[in-house]
Amino acid sequence: MKTARRLLVLGLLGYALLCLLVFGVQRRLLYHPNPDPLTLGPSIGARTVALQAADGETLVAWWLPPPRPGAPVVLYLHGNGANLDNRAARLKALHEDGAGVLALSWRGYGGSSGQPSEAGWKLDAQAAYRWLRAQQVTPARLVLFGESLGSTQAVLLAAEQPVGALLLDSSFDSALALAASHHPWLPVAWLMRDPHRADLAAPRVAVPVLQVHCAQDPVSPLAHAEALNRLLPNARLQVLDRPCHVPSYLLYRNAARALLATL
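Not measured: the values here are computed from a predicted model.

A few words on the overall build of the protein. Looking only at helices and strands, the protein features nine helices and 10 strands. Taken along the three principal axes of its C-alpha coordinates, the protein extends 80 × 35 × 30 Å. When each of the 263 residues of the protein is scored for burial, the buried share is 53%. Sequence separation of 24 or more characterises 72% of the internal contacts of the protein that already satisfy a separation of 6 or more. For the protein, the accessible surface area stands at approximately 11900 Å², while carbon and sulfur atoms represent 60% of it. Seen as two clouds, the 23 positive and the 17 negative side-chain charges of the protein have centres 4 Å apart.

In structure tokens form, the structure reads like this:
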């Protein structure tokens, strides 16, 4: 009996220590930034601009001006890995499709100062939105393009600021829900510092939304995109019948063009 109790206590202690470890390193698990300076902007015709977040962090962004007056403008919010150099081809394609593009490099990524966090990402997205408004980009022309974890910030920003439409690539209801599904043995609701709750903001996003998702997504399973879709009042979900996460823009380019054409 004493041995069983001792083993139970040791097991509980080990579990508590594991939870403390996860709590301490969780941002390293959630964010995978490449902080190296960006190099490919000039190759796609982008101008590098500096943005200032409300807490003083300096952010790098690429700006491809609209090809014609009144054209739609995309605010691109990338996912949790690598940096903008890895998205250069799709940003160039968006510009070729007739849109202006402001691609934000989150804090801690690609030349931007600071360290990533959900609170920081919110300030970064707000800084990019303010910059575009200062360039006389009207909300009706503005499309928020959120990629993976960046899609949660696109939904949160659209719930707070007027925009014309959203394009969400590999989106999900929340990072909290994803973590709970991937790690059901952890009390993630107690541990998670950056839950990225797009689900709470989604009902307040009334503008058209195009969601694109892979049928077999190992990172953010389709069920989480469907959960978000049910909460968005005016959303269409296009499922790509293949295993992938963040599919090539070419696979849904026609749908993206159609969305841009509505603005």
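In this section: the nonpolar core. Ranked by internal contacts, the top residues of the largest apolar core, which has 53 residues, are Leu75, Leu102, Leu132, Leu144, Leu166 and Val205. The residues contacting leucine 102, other than those within four sequence positions of it, are Val49, Ala61, Trp62, Trp63, Val74, Leu75, Tyr76, Ala128, Trp131 and Leu132. Within the second largest apolar cluster, 29 residues are counted, among which are Ala88, Leu91, Val101 and Phe145.

Moving on to the layout of surface pockets. By volume, the largest pocket is sized at about 580 Å³. If you go around the largest pocket, you meet 23 residues; those closest to its centre are Leu29, Leu30, Ala179, His183 and Met192. The dominant element in the lining of the largest pocket, judged by the number of residues it contributes, is helix H1 (residues 2–30), at five residues.

Turning our attention to the packing of aromatic side chains. Taken as a whole, this structure holds six aromatic pairs when the rule is applied. Arranged with centres 4.7 Å apart and planes meeting at 50 degrees, the rings of tyrosine 76 and phenylalanine 145 form a pair that is tilted. Of this pair, tyrosine 76 sits in strand S4 (residues 73–77) while phenylalanine 145 sits in strand S7 (residues 142–147), and the two are 69 residues apart along the sequence. Members of the aromatic cluster, each reached through a chain of ring pairs, are Tyr31, Trp106, Tyr109 and Trp121.

Where nonpolar side chains cluster on the molecular surface, the patch consists of Leu13, Leu17 and Leu20 and spans about 310 Å² of accessible area. Within the secondary structure, leucine 20 sits in helix H1. The class for leucine 20 is exposed, based on a relative accessible area of 57%.

Under the criterion given, the structure shown has one disulfide. One disulfide in the model links cysteine 214 with cysteine 244; its S-S distance is 2.0 Å. Between cysteine 214 and cysteine 244, the disulfide has an S-S torsion of -90 degrees and is therefore left-handed. Remark: cysteine 244 occurs in the loop between strand S10 (235–243) and helix H9 (253–261) and cysteine 214 occurs in strand S9 (residues 209–216); sequence separation between them is 30 residues.

What follows concerns the pattern of salt bridges. A complete count under the given rule lists 10 salt bridges for this structure. When the shortest N-O distance is used, the salt bridge between lysine 122 and glutamate 118 registers 3.8 Å. Separated by four residues within a single helix, lysine 122 and glutamate 118 lie in helix H3 (residues 118–134), roughly one turn from each other. Given a relative accessible area of 33%, lysine 122 falls into the partly exposed group. Looking at glutamate 118, the relative accessible area reads 9%, which means it is buried. With a closest N to O distance of 2.9 Å, arginine 197 and aspartate 199 form a salt bridge.

Procedures and definitions
Residues numbered from 1 in each chain as written. Predicted model: local features only at pLDDT ≥ 70, side-chain atom pairs only at ≥ 80, totals over all residues. Heavy atoms only, no water. Helix = DSSP H or I, 4+ residues; strand = E, 2+ residues; numbered from the N terminus. Buried < 20%, exposed > 50% of the residue type's maximum accessible area, 1.4 Å probe, protein only. Contact = heavy atoms within 4.5 Å. Areas by Shrake-Rupley, 256 points an atom, 1.4 Å probe, with all protein chains shown as cover. Lys, Arg positive; Asp, Glu negative; His and termini not counted. Charge placed at Lys NZ, Arg CZ, Asp CG, Glu CD. Core = buried A, V, L, I, M, F, W, Y, C linked by side-chain atoms within 4.5 Å. 1 Å grid on protein atoms, 1.4 Å probe; cavity = no way out; pocket = protein on both sides within 12 Å on 5 of 7 lines; lining within 4 Å. Points joined across faces, edges and corners; volume = space filled by probe spheres on them. Phe/Tyr/Trp six-rings, centres within 6.5 Å; stacked < 30°, edge-to-face > 60°. Patch = residues over 30% accessible without salt bridge, like charges linked within 9 Å, V, L, I, M, F, W, Y side chains within 5 Å. Salt bridge = Lys/Arg side-chain N within 4 Å of Asp/Glu carboxyl O. Disulfide = S-S within 2.5 Å.

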